[in-house]
Amino acid sequence: MIKPRKRSQHNGVLQGGIVLQSTTVSEATTIKRIHAKRRGFRERALKSFKAHWQLYLLVLPPLLFFLIFKYYPMANAVLAFKDFNVVKGIWASPWVGMKHFDAFFENPIFWTLLQNTLLLSLFLLLAGFPIPILLALMLNEVRSARFKKFVQLVTFAPYFISTVVMVSIIMLFLAPRLGFANVALQYFGLEPINFLGEPGMFRSIYVISDIWQTAGYAAVIYLAALAGIDPTLYEAAKVDGASRLQKIVHVDLPGILPTITIILILNVGNVMSLGFEKIYLLQNSLNLPSSEVIATYVYSIGLLNANYSFATAVGLFNSVINLVLLVTVNALAKRLSNTSIW
């Protein structure tokens, strides 16, 4: 008498004396599905490329730009964990772990750099962020098209001035003897002031000049968002007897709130990334206690003193702080307003 074969411990299925493993069958099915999805994806991608190849060619240059000049250099951030040797190169240089980070954190200037960077960034964010919104709201209420264009031109034009020219204008305007500001002070019988030589005035000069240069450009974004608000909302507010201020509060601001949130997230994500060029050009030995930030310190340590590994470590620390701030603020915005970058 032939005894029936016992079922396998791996949940096998008995068919004609052959035990088929169910796990093998399921794996084969999964592999077939994966291959089918890949083939379908390739076919759809090829079809889309043939139909819209002009658009893909337009995307190619900026994509190559980011790959070559943004993502590829990230690999060299490994220099922060090495003692760079010019002869051996980046990858053959010896590893030193967290040596450069420890040296930066233990440096007495660390807290000064961090304080100057944060104070200047927060001052710029608090003072400069609301002004383009207010400017856009006011321009949106202007009924004269000619006056509106004139104001937009006057506020938008400084954005096209280069940083070097902007700093030259600031220096000429605030010159101790012949600058317009000091000439006006002397006209009223006051003593001239060396504005760029006072550490306490550096942040105000930087922030005010930055607002003057960028407020008009930033307002264009909010004007575009205001143009996208449904006109029926204004009509409903007018029927309800709402004043101009009530329309701004209950129609305009809620309508541009997603745009405000996105721009705020991006600005907070760049808190530690102040414009190096402008600060460096406005910097001098007198205002150095307030003007020395992480960006200028990296330049002086990395390029002027040729301490590339230490400068890379400081720059990497700065980037990590920006990344943490960006992710945190994005998560908070998504939870509170359901608006986020991702």
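Structural data are supplied above this passage.
Residues numbered from 1 in each chain as written. Predicted model: local features only at pLDDT ≥ 70, side-chain atom pairs only at ≥ 80, totals over all residues. Heavy atoms only, no water.

1. Thoughts on the overall build of the protein chain
The line we're drawing: Helix numbering and strand numbering both begin at the N terminus, where a helix is a DSSP run of H or I of at least 4 residues and a strand a DSSP run of E of at least 2. In this description the radius of gyration comes from C-alpha coordinates, and the expected globular size is given by 2.2 Å times residues to the power 0.38. Exposure is judged per residue with a 1.4 Å probe applied to protein chains only, and the accessible area is read against the type maximum: over 50% gives exposed, under 20% gives buried, and values in between give partly exposed.
Across its full length, the protein chain carries 15 helices and 2 strands. Computed over the C-alpha atoms, the radius of gyration of the protein chain is 30 Å, more than 25% above the 20 Å expected from 2.2 N^0.38 for a compact globule of 342 residues. Principal-axis analysis of the C-alpha atoms places the extent of the protein chain at approximately 125 × 70 × 40 Å. For the protein chain, the residues scored as buried account for 29% of the 342 residues in total.

2. Some words on the pattern of salt bridges
Quick reminder of the rule: What counts as a salt bridge is simple: a side-chain nitrogen of Lys or Arg found within 4 Å of a carboxyl oxygen of Asp or Glu.
Applying the stated criterion across every chain, the model contains 3 salt bridges. With a closest N to O distance of 3.2 Å, D83 and K99 form a salt bridge. With D83 in the loop between α2 (53-71) and α3 (99-106) and K99 in helix α3, this residue pair connects regions lying 16 residues apart in the sequence. Given a relative accessible area of 27%, D83 falls into the partly exposed group. A salt bridge links E141 to R143; the shortest N-O distance between them is 3.8 Å. Residue E141 is classed as buried on the basis of its relative accessible area, which comes to 13%. A residue is classified by how much of its surface remains accessible, and R143, at 61% relative accessible area, is exposed. Taken together, the salt bridges that share partners define one network made up of E141, R143 and R244.

3. Some details on the environment of L64
With respect to the element layout, L64 can be found in helix α2. Between the C-alpha atoms of L64 and L316, which are 252 residues apart in sequence, the distance is 23 Å.

4. Some thoughts on the packing of aromatic side chains
For clarity, the threshold we go by: Stacked, tilted and edge-to-face are the three classes applied to pairs of Phe, Tyr and Trp rings, where Trp contributes its six-membered ring and a pair requires centres within 6.5 Å; stacked means planes under 30 degrees apart, edge-to-face means over 60, and tilted covers the rest.
Per the stated rule, a full pass over the model turns up 26 aromatic pairs. Ring plane angle 85° and centroid distance 5.8 Å describe the contact between F84 and Y308, whose orientation is recorded as edge-to-face. Taken as a pair, F84 in the loop between α2 and α3 and Y308 in helix α15 (residues 308-337) lie far apart in primary sequence, 224 residues in all. Judged by its relative accessible area of 30%, F84 is partly exposed. Plain terms: the ring middles of Y280 and Y299 are 5.0 Å apart, the flat faces sit at 70° to each other, and that makes the pair edge-to-face.

5. Topic: helix α7 (residues 163-173)
Since the α-helix turns once every 3.6 residues, residues separated by three or four places project in the same direction. The following threshold applies: Taken from the helix axis, the directions to the C-beta atoms give the arc we talk about.
By the burial criterion, the buried members of α7 are M166, V167 and I170. End-on, the buried residues of α7 take up no more than an arc of 95°, which puts them together on one face. Opposite its buried face, α7 presents the exposed residues V164 and L172, each directed more than 90 degrees away.

6. Some remarks on the nonpolar core
Inclusion rule: What we call a nonpolar core is a set of buried Ala, Val, Leu, Ile, Met, Phe, Trp, Tyr and Cys residues that are connected through their side-chain atoms within 4.5 Å. We call two residues in contact whenever any of their non-hydrogen atoms come within 4.5 Å of each other.
The biggest cluster of nonpolar side chains holds 22 residues, and the ones touching the most others in it are F129, I133, Y222, L226 and I256. Taken together, the elements giving at least two residues each to this core come down to α5 (130-141), α9 (199-227) and α11 (244-269). A total of 6 residues in this core trace back to one element, the largest contributor, which is α11. Those residues in contact with I256 that sit more than four places away from it in its chain are I133, L137, Y222, A225, L226 and I229. L120, L124, A215 and L274 belong to the second-largest nonpolar core, a separate cluster that totals 20 residues.

7. Notes on the environment of L135
For L135, the location among the structural elements is in helix α5. As for L135 and A215, which are separated by 80 residues in sequence, their C-alpha atoms are 7.9 Å apart. Not counting residues within four places of it along the chain, the set of residues in contact with L135 comprises T155, A215, G216 and A219.

8. Description of the packing of helix α10 (residues 231-239) against α11
The description of two packed helices rests on the angle between their axes and on the distance between the axes. This is how the line gets drawn: In this analysis an axis means a line fitted to C-alpha atoms, helices contributing only their contacting stretch, and an angle means the value between N-to-C directions, from 0 to 180 degrees. Oblique is the label for every angle not falling under 35 degrees (roughly parallel), over 145 degrees (roughly antiparallel), or within 65 to 115 degrees (roughly perpendicular). Rotating anticlockwise by less than a right angle from the far helix to the near helix defines a left-handed crossing, while the corresponding clockwise rotation defines a right-handed one.
Close contact between α10 and α11 brings their axes to 10 Å; oriented N to C, the two are set at 150°. Of the possible angle classes, the one that applies to α10 and α11 is roughly antiparallel. Note that α10 runs across α11; the crossing there is right-handed. Of the residues in α11, those touching α10 at L233, Y234, A237 and K238 are K247, V251 and D252.

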